[in-house]
Amino acid sequence: MRRRLGLGFWIATGWIALVLAAAVLADVLPFARYDETLAGPPQTGPSAAHPFGTDGLGRDVLSRVVYGARVSLGVGIGAVVLGLAIGAPLGVLAGYRKRAADAVIMAVNDVALAFPALVFALAVVAFAGANLRNVLVVLGVLGVPAWTRLIRGATLSFAEREFVLAARVLGVRDRRILWREIMPNVAVPAASYAFIGMAVVVVAEGSLAFLGLSVQAPTPTWGGLINEGRTLMETAPHVVLAPSVVMFLTVLSFNLVGDRLRALSDVRQSGLEPVRQAVAVLPAAEPRPVAGALLQVEDLRTHFLTPRGAVKAVDGVSFTLERGKTLAIVGESGSGKSMLIRSVLGLLPGTGVARGGHVHLEGDELTAFTPEEMRQVLGRRLGTVFQDPMTALNPVRTIGTQVAEPLRVHLGMGRGQAREEAARLLASVGIPDPARMLGRYPHQLSGGMRQRVTIAMALSCGPDVLFADEPTTALDVTIQDQVLRLIHRLREERDMAVVLVSHDLSVVRQWADEVIVMYAGRVVERGTAADVFERTRMPYTEALLQAAPRLTDPAHHRLRVIPGRPPDLAAVPDGCAFRPRCAYAQDRCAEQAPPLLSEGGHLHACWYPTGRTMTENEGADSHGR
Amino acid sequence: MAGSGTAHLRPRDEVLLQVEDLVVEFPAGRGRTVRAVSGVSFDLARGETLGIVGESGCGKSSTARALIQLPPPRAGSVRLDGVELTTLRGEALRRTRRRLQMIFQDPISSLNPRRRVRDIVAEGPRVWGAAAPVNGGVNGGVNSGVNSGGAGRADGGGLDERVDAVLEAVGLDPRTAAERRPHEFSGGQCQRISIARALILEPEVVICDEPVSALDVSVQAQILALLEDLKARFGLTLVFIAHDLAVVKNVSDRVLVMYLGKTCELAPSEELIARPAHPYTRALLASIPGSGLGLPPADRLISGEPPSPVSPPSGCRFRTRCPRAADRCAVEEPEIRPLNGGDHFVACHYPDI
Amino acid sequence: MIILHRLVRLVIVLLVVTFLSYAMLALLPGDPVTQILGIGANDEARAQLRQELGLDEPLLVRYAGWLGALLTGDFGTSPITRVPVAAELAERLPVTLELLVAAQVVALGLAIPVGIAAARRAGRALDQVLTALSFALLSTPVFVLGVLLILLFAVTWQVVPATGWTPISVDLGWNITSVLLPAVTLGCGQLAVYARLLRADLIATLQEDYITLARARGLSPRRILWRHALRPSAISLITAVGLNMGALIGGTVIIETLFGLPGIGRLIVDSIFSRDYLTVQGGVVLISVGYVLVNFAVDVVYAAVDPRIRRA
Ligand SMILES: Nc1ncnc2c1ncn2[C@@H]1O[C@H](COP(=O)(O)OP(=O)(O)OP(=O)(O)O)[C@@H](O)[C@H]1O
Ligand code: SF4
Ligand code: SF4
Ligand SMILES: [Mg+2]
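Within any chain, residue numbers begin from 1 and follow the written order of that chain's sequence. Here chains are named by letter from A upward and ligands by number from 1 upward, in the order in which they appear as written. Under the rules for a predicted model, residues below a pLDDT of 70 receive no local features and side-chain atom pairs below 80 are neither given nor counted, while totals for whole chains, interfaces and linings still include all residues. Side-chain numbers here rest on the full set of heavy atoms in the structure, without hydrogens or water.

1. With respect to the overall build of chain B
Item 1. Assigned secondary structure in chain B consists of twelve helices and twelve strands.
Item 2. Our radius of gyration looks at C-alpha atoms and nothing else; its globule reference is 2.2 Å times the residue count to the power 0.38. The C-alpha radius of gyration of chain B comes to 21 Å, within 12% of the 20 Å expected for a compact globule of 353 residues.
Item 3. The dimensions of chain B, computed from C-alpha atoms along their principal axes, are 70 × 45 × 45 Å.
Item 4. Within chain B, the proportion of its 353 residues that are buried is 62%.
Item 5. Contacts: residue pairs with any heavy atoms within 4.5 Å of one another. Taking contacts inside chain B between residues at least 6 apart in sequence as the whole, the part at least 24 apart equals 66%.
Item 6. Positive charges come from Lys and Arg alone, negative charges from Asp and Glu alone, with His and the N- and C-terminal ends not counted. All charge positions are set by atom: Lys at NZ, Arg at CZ, Asp at CG, Glu at CD. Computed over 42 positive and 42 negative side-chain charges, the inter-centroid distance for chain B is 4 Å. Secondary structure elements follow DSSP: runs of H or I of four or more residues count as helices, runs of E of two or more count as strands, with numbering from the N terminus. Burial classification: accessible surface area is computed with a 1.4 Å probe over protein chains only, and a residue below 20% of its type maximum counts as buried, one above 50% as exposed, and the rest as partly exposed.

2. Describing the environment of alanine 192 of chain C
Item 1. Note on placement: alanine 192 of chain C falls in helix α8 (residues 172-206).
Item 2. Residues within four places of alanine 192 of chain C in sequence aside, it is in contact with Ser134, Leu137 and Leu138 of chain C.

3. Considering the site of ligand 1
Residue and element names in this part refer to chain A.
Item 1. For this description, a residue counts as near a given molecule or strand if any of its non-hydrogen atoms is within 4 Å of it. Taken together, 15 residues surround ligand 1, and among them Ser333, Gly334, Lys337, Ser338 and Met339 come closest.
Item 2. Contact distances for ligand 1 include 2.6 Å between an oxygen atom and a side-chain N or O atom of serine 333.
Item 3. When the free accessible area of ligand 1 is taken as 640 Å², the share hidden by the protein chains comes to 74%.
Item 4. Put simply, the parts of the chain that give the shell around ligand 1 at least two residues each are β2 (295-306), β3 (309-321) and α10 (337-345).
Item 5. Element by element, the count of residues in the shell around ligand 1 is highest for α10, at three residues. For this analysis, a polar contact is any N or O atom pair within 3.5 Å, provided that within protein one partner can donate a hydrogen and the other can accept it, and provided that sequence-adjacent residues contribute only side-chain to side-chain pairs. Using a 1.4 Å probe, accessible areas were evaluated by the Shrake-Rupley method; residue-level cover was limited to the displayed protein chains.

4. What about the site of ligand 3?
Item 1. Not every one of the 13 residues close to ligand 3 is listed here, only the nearest: Cys316, Cys322, Cys329, Cys348 and His349 of chain B.
Item 2. Classifying every residue of the shell around ligand 3 gives nine nonpolar, two polar and two charged. Charged means Asp, Glu, Lys or Arg here, nonpolar means Ala, Val, Leu, Ile, Met, Phe, Trp, Tyr, Cys or Pro, and polar covers whatever is left, Gly included.

5. Comments concerning helix α11 (residues 264-273) of chain C
Item 1. Among the ten residues that make up α11 of chain C, seven are buried, leaving the element largely enclosed by the rest of the structure.
Item 2. Within the sequence span of α11 of chain C, burial applies to Ile264, Gly265, Leu267, Ile268, Val269, Ser271 and Ile272 of chain C.
Item 3. The inward-facing, buried residues of α11 of chain C contact α4 (117-128) of chain A together with α5 (85-120), α10 (221-259) and α12 (277-305) of chain C.
Item 4. Where α11 of chain C terminates, the next one or two residues include arginine 275 of chain C, which has phi positive at roughly 55°.

6. Digging into the packing of aromatic side chains
Item 1. Each Phe, Tyr or Trp ring, with Trp reduced to its six-membered ring, pairs with another whose centre is within 6.5 Å; inter-plane angles below 30 degrees give stacked pairs, above 60 give edge-to-face pairs, and intermediate values give tilted ones. Per the stated rule, a full pass over the model turns up 16 aromatic pairs over all chains.
Item 2. Taken together, a centroid distance of 4.4 Å and an interplanar angle of 55° make the contact between tyrosine 519 of chain A and tyrosine 540 of chain A tilted. Of this pair, tyrosine 519 of chain A sits in strand β10 (residues 514-519) while tyrosine 540 of chain A sits in helix α19 (residues 539-547), and the two are 21 residues apart along the sequence. The same class applies to tyrosine 519 of chain A and to tyrosine 540 of chain A, which are both buried.
Item 3. An aromatic cluster is built from Phe19, Tyr22, Tyr63 and Trp66 of chain C, whose rings are joined through pairwise contacts.
Item 4. A cation over a ring is seen here: arginine 588 of chain A above tryptophan 607 of chain A, with NZ or CZ 3.6 Å from the ring centre.
Item 5. Here, a charge over a ring is recorded when the distance from Lys NZ or Arg CZ to the ring centre is within 6 Å and its angle to the ring normal is within 35 degrees. Directly above the aromatic system of phenylalanine 185 of chain B lies the positively charged group of arginine 180 of chain B, at a separation of 4.7 Å from the ring centroid.

7. What to know about the packing of helix α7 (residues 142-156) of chain C against α8 of chain C
Residues and elements named next belong to chain C.
Item 1. Here, axes are lines fitted to C-alpha atoms. For helices the fit covers the stretch in contact, and angles between N-to-C directions go from 0 to 180 degrees. At a minimum axis separation of 9 Å, α7 and α8 run at an interaxial angle of 140°. The handedness of the crossing between α7 and α8 comes out as right-handed. Along its contact with α7, which presents Val142, Leu145, Gly146, Leu149, Ile150 and Phe153, the element α8 presents Leu181, Val184, Thr185, Leu186 and Cys188.
Item 2. Residues of the contact of α7 with α8, tallied by class, amount to nine nonpolar, two polar and no charged. Two helices crossing with the near one rotated counterclockwise from the far one by less than a right angle form a left-handed crossing, whereas a clockwise rotation gives a right-handed crossing.

8. Describing the sheet that holds strand β12 (residues 597-599) of chain A
Residue and element names in this part refer to chain A.
Item 1. Strand order in the open sheet formed by eight strands is β7-β8-β9-β4-β10-β11-β13-β12, and the pairing between neighbours is mixed. Among the strands making up the open sheet, the edge pair consists of β7 (382-385) and β12. Taking the axes of each pair of neighbouring strands and ignoring which way they run, one obtains an average angle of 20° across the sheet.
Item 2. Two strands pair if DSSP finds at least two bridges between them. In this structure, strand β4 (residues 326-330) lies alongside β10, joined through four bridges in parallel fashion. Within the sheet, the bridge partner assigned to valine 330 lies in β10 and is valine 517.

9. Points about the nonpolar core
Item 1. In plain words, nonpolar cores are sets of buried Ala, Val, Leu, Ile, Met, Phe, Trp, Tyr and Cys residues tied together by side-chain atoms within 4.5 Å. Leu122, Leu139 and Trp222 of chain A are the most contacted members of the largest nonpolar core, which totals 139 residues.
Item 2. The leading source of residues in this core is helix α7 (residues 174-210) of chain A, at 13 residues.
Item 3. Ignoring any residue separated from it by four or fewer positions in sequence, one finds leucine 122 of chain A in contact with Leu208, Leu211 and Leu213 of chain A together with Val253, Ile268, Val269 and Ile272 of chain C.
Item 4. Listed in part, the 105 residues of the second largest apolar core include Trp607 of chain A together with Ala122, Leu199 and Ile200 of chain B.

10. Some words on the side chain of serine 109 of chain B
Item 1. With respect to the helices and strands, serine 109 of chain B occurs in the loop between β6 (100-103) and α3 (117-128).
Item 2. With near-sequence residues (within four places) excluded, serine 109 of chain B lies in contact with Arg161, Glu162 and Phe163 of chain A.

11. Here we look at a nonpolar patch on the surface
Residue and element names in this part refer to chain A.
Item 1. Two joining distances apply to patches: 9 Å for like charges and 5 Å for nonpolar side chains (Val, Leu, Ile, Met, Phe, Trp, Tyr), and every residue must have over 30% relative accessible area and no salt bridge. Just to be clear on terms, a salt bridge is a Lys or Arg side-chain nitrogen sitting within 4 Å of an Asp or Glu carboxyl oxygen. On the surface, Leu20, Val24, Leu25, Val28, Ile77 and Val81 cluster together into a nonpolar patch covering about 520 Å² of accessible area.
Item 2. At the level of elements, α1 (2-24) and α2 (61-97) are the ones that each hand at least two residues to the nonpolar patch.
Item 3. Counting through the fold element by element, valine 24 comes out in helix α1.

12. A closer look at the interface of chain C and chain A
Item 1. The interface is formed by 69 residues belonging to chain C together with 68 residues belonging to chain A.
Item 2. Both sides together, the interface formed by chain C and chain A hides about 6000 Å², and carbon and sulfur atoms give 72% of it.
Item 3. Accessible area, probed at 1.4 Å, shrinks when two parts are joined; the buried area is that loss added up over both. When the area that chain C buries against chain A is broken down by residue, the three leading residues are Phe143, Leu213 and Arg217 of chain C, summing to 11%.
Item 4. Our count for the contact surface shared by chain C and chain A stands at two salt bridges.
Item 5. For aspartate 259 of chain A, the salt bridge goes to arginine 196 of chain C, with nearest N and O atoms at 3.5 Å.
Item 6. Between the two partners, chain C and chain A, sit 14 residue pairs in polar contact (both at pLDDT 80 or more).
Item 7. Secondary structure elements with two or more residues in the side of chain C that touches chain A: α1 (2-26), α6 (125-138), α7, α9 (209-216), α10, α11, α12 and α13 (307-310) of chain C.
Item 8. Sort the elements by how many residues they give to the side of chain C that touches chain A and α10 of chain C lands first, with 14 residues.
Item 9. Looking at the side of chain C that touches chain A residue by residue, the classes come out as 42 nonpolar, 13 polar and 14 charged.

13. Considerations on the domain arrangement of chain A
Item 1. Domain boundaries shown here were taken from an automatic or database domain assignment. Partitioning chain A into structural domains gives domain 1 (2-33 + 52-264) and domain 2 (527-550 + 561-624).
Item 2. Each of domain 1 of chain A and domain 2 of chain A has a C-alpha centre, and the two are 61 Å apart.

Here it is as structure tokens:
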């Protein structure tokens, strides 16, 4: 907690505490009273007796600043408390009750927010009289709409979370839900905003005082001091600078504390933020290009350098791919599938990454390409489709512009020609009425249609390899079938290769020619689909296959349970990474990492591979070896 | 689907939960409403697991929430052990609702990030105080099952013991887990905590809304196995909702297939997979890669995309995508009816038999 | 449909705003006539003002009458200066408008490059410096900044005059000189707000899938920034501009006082001290209505540029 808030937070808190203490103790502090004239020679600069110097009447500036803090902080804290006291209940009511209460409160609030606050404060204070109470009340009340909106927003965001629903299912009463489930979550953003609100109020009070419309002389106020000091700017700048600096520091501190608290409202912290460091290069084996391969990946490594250590997201992956083939990459979440794709494409973050290995595309070594050269490859020779079609398209550009863009950039087509070609592409991925579709925006399309659009974009320049990272995971099963069929058909038509990433074994089984099974950033088994699924050698692959329910199994069939969960990639166990979960592990597995060995092209990394032949309908309970 | 009707319901005194003609509506802006659930009926016998499958937006979750009256359905009846829930209000509803518990899809968002696991799990007993478990005698009860000494006492040491026992029952170590907060756990562990929170109240029916959809295969198997174990141990009755037919088949005794807010087909799970009669069920099964069921390719069983639920097709709602659709399908909504007089029901004019 | 809805709201807000401005004067504690004219005023003046204000009628009726006059451009005549308030406002409005526009130009003109530069190098030295600077700027009250800038540029280096105003009609060069420092002062606070917002928004946008996919299509970083990332972020910037109009307008009151510019804000402050409440009221009404209208315009623009709203 302490480290997360940072040093600045504590310095700022210290400063606020200091100013607050000085304001409270002003009467007993050893300096002249704020209104004592000729406490020292007029207009003298800082000295031991008067640390902030004296003003035109010889009054002690430090004393005046400290007494001014009473007004500033008093109004700041008072107005925020007042605004919160009125705004919070309204906000909670609006956020939690919704419907009528919400509609009424928010309608009034909208109107209230449509006022230029400072001008109104000015007018009210001018009409009602400039004194502490009026200033405090006006600034407090003017803050109410903002408070209401903030608290409502926070309440609303939590009131719709499932844990609140769960509490209601438990039979918890509304009042308790508000206090136990919602309030603790709303408190942090509210505290954060309270500090920012204090900064706002201190500035507003200062503005009024500067205009002579806050607490009246002789009581000093920061704004008033700055206004007075202006006249001495040429002869005694310290008179204006002292209150200015104090005020600036105070406002800065309030803002800083608020800002840090806001950062705190995110409870989870990944600890995965990459450290700031340039891209490092990891050692890798010498490249040995394979003749005839379209895409060849050798010993590819991507490590994220984090405060917890190196996260080995991809750790020595090699494969080759030929035209007209589909290579599938399977593995559980976090096994490095997506990072492998991004490493091949060179789409890694610019900092905090160490990378190594080689990628060859038809003899070109992509890993040696400059970013400029790489851009000629991306889009043209390598196409990409991602998992979530909802986020894969730019929400504020039309489908037509987006599909036509690679055509114009890479193939130099004119606007009209690119649009025609885009319509043709959309038709080829099965989008009805493509011409009309060009003018639409992504949010007007269903998920399946959007995924078709992203596929059309990936294919626009006729790539050699299509990378599809979980292209159907976000889609319904009937639509998934359509999209996978489409990708397969396009592969045939265009004679390209496909790299299909999926966590779904049945998808892989049906559509892949070759399969890579990944675990903890490494390849643990690789071979043809038949090898991997019917002649499984790696215990992990076998366990995965038996853990997935199948339609052909009887109801209530006992699934194989793999205990534990995948390792933390920053602390992969020595030896075989799967050992803590492996049913066949022996001592050797803990000591030595098993190498990836080939048996007639079927690779597996295991000291004690399973030897059995699995057929589709075989019961899974009998995992003999 | 599409259809309505109640031919598939069993006599009331044989079932624990009976849902009849459930209708759930939501405002869809501009004064329109969506019927997310449109006349769905089903029932559950004690100790039975009913699976509900369908694609996103077909009304699975709305059905689940209507069962616990959050929000109450627009129309229809939900009867738990003879007590009509839809007409209950206030305190009476709150009391009855705890006999139904729910497990949600998103393991992270269903736990309050600022509370400790112990407080999360103990919330139910704390709210209900020393009240005797609602169904303590009926099926053994979680508390008597795992900790016969602590049952009935909701405060002090008794409660702590109950929490420890239930955490242990879901496969978490109370010593390390109880004092931590949800973000320190993985998705699978969070789901275990959710299950513990639901079980400690000894519910009669547990509604699981996509409980494993957010989990990896290996963790999914762990949670499915856990649910089966707990069900056997505490005699639970489950409603299990998922979009993955293979998962649903694995845990369910009977399966209900939904499309666009309507019932398509209801059958014992083996029967449904072996002899799917409704064109939509067949398409769903054929779309599953490598299902090995010998169905024709999916693209011959279904086409296009689901229509908007705001303006569903007339007659049978599946007709816009159905290869068997005929004129009659556009004008007459199919009623649910038994096939071969058995326990297999289908709502289609031209089922595949 | 949406526009109609907004128009209705606009009218309601305008009614409420004008009513409050009016009621403030009418609800002055004590006898408003005494409040306005002071205790020493003679009976003739009191009677005249009482009639001018229509004080014998109920509040709403008086408001309706006042609003009707307002719509014809009649803001009343100041009992202190004996000048029609409308004429006074008309004379001063250009100054305030010029200040506002200039400040907005300064703020946006600097914030966009600063925000983009910081976002592109998020986490690196330049970003950290820019972020710290804008945070400091954000925490500097406008009058403190103004005093500092005057101290530096007008007093120490004497490159611009500290105060005073030359209208455009008199001399363009001097006009620019006289608006420069006030506009920079006023714009700086907004600059920080906009730059921080743009930076945060751009960083979030640059992490979206569609940006990664644009990179995967081999588009150049420049193109990705300008064609793909900036547009969604610009949309949030427009909202911020609308929301910050209030702060900016409040700032003009101070800036005009500080730099001695003859604008509406200065008029309001001066009138408060000369107890010329009718002029104060006129100024407040003008500013509030202007603010509401600007916000309405921003709303409409926002709806027009964001397709998610436009077509929803
Ligand atoms: N920017 C980053 N900094 C540090 N670690 C990262 C970063 N991005 C990814 N990782 C880590 O890299 C590992 C591999 O992630 P990756 O996304 O490739 O997994 P995946 O197999 O695609 O998983 P999923 O099935 O969930 O998509 C994860 O442990 C992840 O936490
Ligand atoms: S090497 Fe050992 S621990 Fe690893 S998978 Fe093989 S048998 Fe299991
Ligand atoms: S055959 Fe007719 S009734 Fe049956 S699913 Fe198809 S459209 Fe509906
Ligand atoms: Mg991934």
